[in-house]
Amino acid sequence: MNSEFEKNKKKIKENMENQSEKDYEKVREILIKNGKDKHNRPFIQRRLHEKENLRKTFLAVIKYNPARISEVSEESLLTKPTCYSQLHNLMDLQLVGRVFVMDVKNKVVNNEVVEKKFEEWTKNMPEQLKRYYLAKTSFWVITEFGKSFCQKAYEFNQEFKEKNIEKND
Amino acid sequence: MEKTEQEKKVIEVLKTFGKLPTARISAIVGIGYNYIKDILSNLESEGIIESEKAGELATYWKLIEANKNE
């Protein structure tokens, strides 16, 4: 096992030495053309690991899915403008989507969960205020890619923990 | 100039809805706000769409009438 590992390590080192910056640029161009430069798991994991506010907002959206902006800002202890900018960054990574209540009512987007949550939120409000919020509010929803990403990350974490426990025993 | 898939999506959305603000276009197409701004400004410079200010902050986008039938 160790010899194989060392062989692979040597191969990787040789490849790293032989490749120039131009090769990397070529690969990057191909990825950008196919639109896959941002949507691979290692890139997203690294981004979430590096950026604290991004991670906080993502966790808040997971907790309240679908989440209003006020819920996100309360949960993450960040201001609303920073939450908005982080949510748009998450949207660029395709982890989070935005659904307007107006679109759901006009049947442009089908999302029953958002409709239910909005009705629950506005059930004690007068009609006029209800219509005001209907035109204005939007909910942040986790996409299917985001859900699969979370699941995989959770499984990876659990495996890592189990291995560590075995080592300690 | 060949249009990317995302630019085509934006044009389709504007064709079906007529006039929309930037936030709603980004929500329907599913692209972040900063990236969609670049796409919209590119389309505006090509003369396919035009912007319309509503109030101090909101900007609405719509297709130029000559491009509606394309």
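Below you will find a few notes about this structure.

Cut-offs applied
Residues numbered from 1 in each chain as written. Chains lettered and ligands numbered in written order. Predicted model: local features only at pLDDT ≥ 70, side-chain atom pairs only at ≥ 80, totals over all residues. Heavy atoms only, no water. Helix = DSSP H or I, 4+ residues; strand = E, 2+ residues; numbered from the N terminus. Rg over C-alpha atoms; globule rule 2.2 N^0.38 Å. Buried < 20%, exposed > 50% of the residue type's maximum accessible area, 1.4 Å probe, protein only. Contact = heavy atoms within 4.5 Å. Phe/Tyr/Trp six-rings, centres within 6.5 Å; stacked < 30°, edge-to-face > 60°. Lys NZ or Arg CZ within 6 Å of the ring centre and 35° of its normal. Buried area = accessible area lost by both parts, 1.4 Å probe. Salt bridge = Lys/Arg side-chain N within 4 Å of Asp/Glu carboxyl O. Polar contact = N/O pair within 3.5 Å; in protein donor to acceptor, adjacent residues only side chain to side chain. Nonpolar A, V, L, I, M, F, W, Y, C, P; charged D, E, K, R; others polar.

As for the overall build of chain B
Working step 1: For chain B, the count of helices and strands is three helices and three strands.
Working step 2: Along the chain direction, N to C, the helices and strands of chain B fall in the order α-β-α-α-β-β.
Working step 3: Scaling as 2.2 N^0.38, a compact globule of 70 residues should have a C-alpha radius of gyration of about 11 Å, and chain B matches this with 11 Å.
Working step 4: For chain B, the C-alpha atoms occupy an extent of roughly 30 × 25 × 20 Å along the three principal directions.
Working step 5: Buried residues in chain B amount to 36% of all 70 residues.
Working step 6: By sequence separation, contacts in chain B at least 24 residues apart represent 45% of the contacts at least 6 residues apart.

Points about the packing of aromatic side chains
Residue and element names in this part refer to chain A.
Working step 1: Enumeration according to the criterion identifies four aromatic pairs over all chains in this entry.
Working step 2: An aromatic cluster is present here, built from Phe-118, Trp-121, Tyr-132 and Tyr-133 joined pairwise through their rings.
Working step 3: Above the ring of Trp-121, the side-chain terminus of Arg-68 is found at 4.1 Å from the ring centroid.

Things to note about the interface of chain A and chain B
Working step 1: Across the contact, nine residues belong to chain A and 12 residues belong to chain B.
Working step 2: Considering only the side of chain A, the residues that lose the most area to chain B are A:His88, A:Met91 and A:Asp92, jointly responsible for 42% of the buried surface there.
Working step 3: We note a salt bridge from A:Asp103 to B:Arg24, for which the minimum N-O separation is 2.1 Å.
Working step 4: Our count for the chain A to chain B interface comes out at two residue pairs in polar contact (both at pLDDT 80 or more).
Working step 5: At the level of elements, helix H6 (80-92), strand S1 (96-100) and helix H7 (101-105) of chain A are the ones that each hand at least two residues to the side of chain A that touches chain B.
Working step 6: Element by element, the count of residues in the side of chain A that touches chain B is highest for H6(A), at four residues.
Working step 7: The class makeup of the residues in the side of chain A that touches chain B is four nonpolar, two polar and three charged.

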